[in-house]
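As a plain string of letters, each chain reads:
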Amino acid sequence: MKKIAFGMACGLIAVFIFVMMLTLFGRSARQKETEYMLAQAIDSSLSDVMQGRNGFITENEDFVADFLKALLIQANSDSDITVSVLDADYEHGILSVEITEKFKHPNGKTGSVSQVRTVIFDKTEEKEPEYRNVSFYTADDELYKEYRIQKDSFCSIPVPPKKEGKTFLGWRFVTGGTGQAGSVLAAYADGQKTVLASGHMPYAVSENTKLIAVFR
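Computed from a prediction, not measured in an experiment: that's the story for all the values here.

Visitor: Sorry if this is basic, but what is going on with unusual backbone geometry here?
Guide: Trans is the prevailing form of peptide bonds, just as negative phi is the prevailing case for residues other than glycine. The backbone of aspartate 152 sits at a positive phi, close to 70 degrees, despite the residue not being glycine. As for its placement among the helices and strands, aspartate 152 is situated in the loop between strand 5 (142-150) and strand 6 (168-175). Positive phi is not limited to glycine here, since histidine 200 has a value of about 65 degrees. Within the element layout of this structure, histidine 200 appears in the loop between strand 8 (191-198) and strand 9 (201-202). Its relative accessible area of 74% is what places histidine 200 among the exposed residues.

Structure below.
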């Protein structure tokens, strides 16, 4: 009799542990499901509206409705979901939502999990910097120095070239600037630097530029 009672007790304990494990596993699975469902719905709605794929959205109510539609597609049919929209701004790409999902545990009790997610759509697009060449020649076909400069930046001036029996007078613009090139001080974060000038103003390199040395 004692063995039967002991066996029944062990069986009940095993069933209890099994049900408890199912409950914990079910809750964990629901939590992950809720997190994934919310993330997919928000990301989908935000991406569509910010990239202009949903032209009918002209106010926040339309934005929220589109999100709810995306959420329903992701939702599990046996779930009872409560949605609280904490913030929504379709123009600036902001959506903050809290959802609570209620479900039945294997033991028949009601459980719930909740998830909050806030997303701000980053509309900035990194652009590749543009570069221009600034070429210094001692003659039409004799390249002396060439700089590759980010567009609209200033250019340094190379050390004056030397020619036997001649005196270097300066640089003259062939393309880019106008006339005789000069030099001026320009302000940088680490101080002032001498840069190439056109018309007594710092020359911002907006196009490929060629200069030729002038000797006497």
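Picking up where we left off.
Visitor: Which parts of the structure should I look at to understand the nonpolar core?
Guide: Side chains that are nonpolar tend, in soluble globular proteins, to be buried together. Counting 15 residues, the largest nonpolar core has Leu38, Ile42, Phe67, Leu71, Leu95, Val97 and Ile99 as its most contacted members. Every element with two or more residues in this core is listed here: helix 1 (2-50), helix 2 (60-74) and strand 2 (94-104). A total of 5 residues in this core trace back to one element, the largest contributor, which is helix 2. Val134, Cys155, Tyr203 and Leu211 belong to the second-largest nonpolar core, a separate cluster that totals 14 residues.

Visitor: Is there a simple way to explain the side chain of threonine 138 in this structure?
Guide: Along the chain, threonine 138 falls in strand 4 (residues 131-139). Assessed through its relative accessible area of 14%, threonine 138 is described here as buried. For threonine 138, the contacting residues outside a window of four places in its chain are Tyr144, Pro161, Lys163, Ile212, Ala213 and Phe215.

Visitor: How should the packing of aromatic side chains be read in this particular structure?
Guide: Given two aromatic rings, one states the distance between the centres and the angle between the planes to describe the pair. Considering all chains together, one arrives at 6 aromatic pairs under this definition. Relative to tryptophan 171, the ring of phenylalanine 136 lies with its centre 4.9 Å away and its plane at 70 degrees, an arrangement referred to as edge-to-face. Placement of phenylalanine 136 in strand 4 and of tryptophan 171 in strand 6 is noted, with a sequence separation of 35 residues between them. With relative accessibility at 0%, the residue phenylalanine 136 sits in the buried group. Feature note: the residues Phe136, Tyr144, Tyr147, Phe168, Trp171 and Phe215 constitute an aromatic cluster, connected by ring pairs. The ring of tyrosine 137 has lysine 210 lying over it, and the distance from NZ or CZ to the ring centre is 4.6 Å.

Visitor: Could you clarify how one ought to interpret the pattern of salt bridges in this entry?
Guide: In total, this model carries 1 salt bridge according to the counting rule given. For arginine 132, the salt bridge identified is with glutamate 130, shortest N-O distance 3.1 Å. Take arginine 132: its relative accessible area is 18%, and that puts it in the buried class. We classify glutamate 130 as partly exposed; its relative accessible area is 42%.

Visitor: So what exactly am I meant to see when it comes to the sheet that holds strand 10 (residues 209-215) here?
Guide: Adjacent strands of a sheet pair through backbone hydrogen bonds, lying either parallel or antiparallel. Taken together, 4 strands build an open sheet; the order of strands is 5-4-10-6 and the sheet is mixed. Looking at the sheet topology across the chains shown, the edges are occupied by strand 5 and strand 6. Ignoring strand direction, the axes of neighbouring strands in this sheet form an average angle of 25 degrees. For strand 4 and strand 10, the ladder comprises 4 bridges, and the chain directions are parallel. Paired with serine 135 across the two strands is lysine 210, which belongs to strand 10.

Basis of the calculations
- Residues numbered from 1 in each chain as written.
- Predicted model: local features only at pLDDT ≥ 70, side-chain atom pairs only at ≥ 80, totals over all residues.
- Heavy atoms only, no water.
- Helix = DSSP H or I, 4+ residues; strand = E, 2+ residues; numbered from the N terminus.
- Buried < 20%, exposed > 50% of the residue type's maximum accessible area, 1.4 Å probe, protein only.
- Core = buried A, V, L, I, M, F, W, Y, C linked by side-chain atoms within 4.5 Å.
- Contact = heavy atoms within 4.5 Å.
- Phe/Tyr/Trp six-rings, centres within 6.5 Å; stacked < 30°, edge-to-face > 60°.
- Lys NZ or Arg CZ within 6 Å of the ring centre and 35° of its normal.
- Salt bridge = Lys/Arg side-chain N within 4 Å of Asp/Glu carboxyl O.
- Pairing = 2+ DSSP bridges.
- Axes fitted to C-alpha atoms, helices over the stretch in contact; angles between N-to-C directions.

These values are about where atoms sit, not about what they do.
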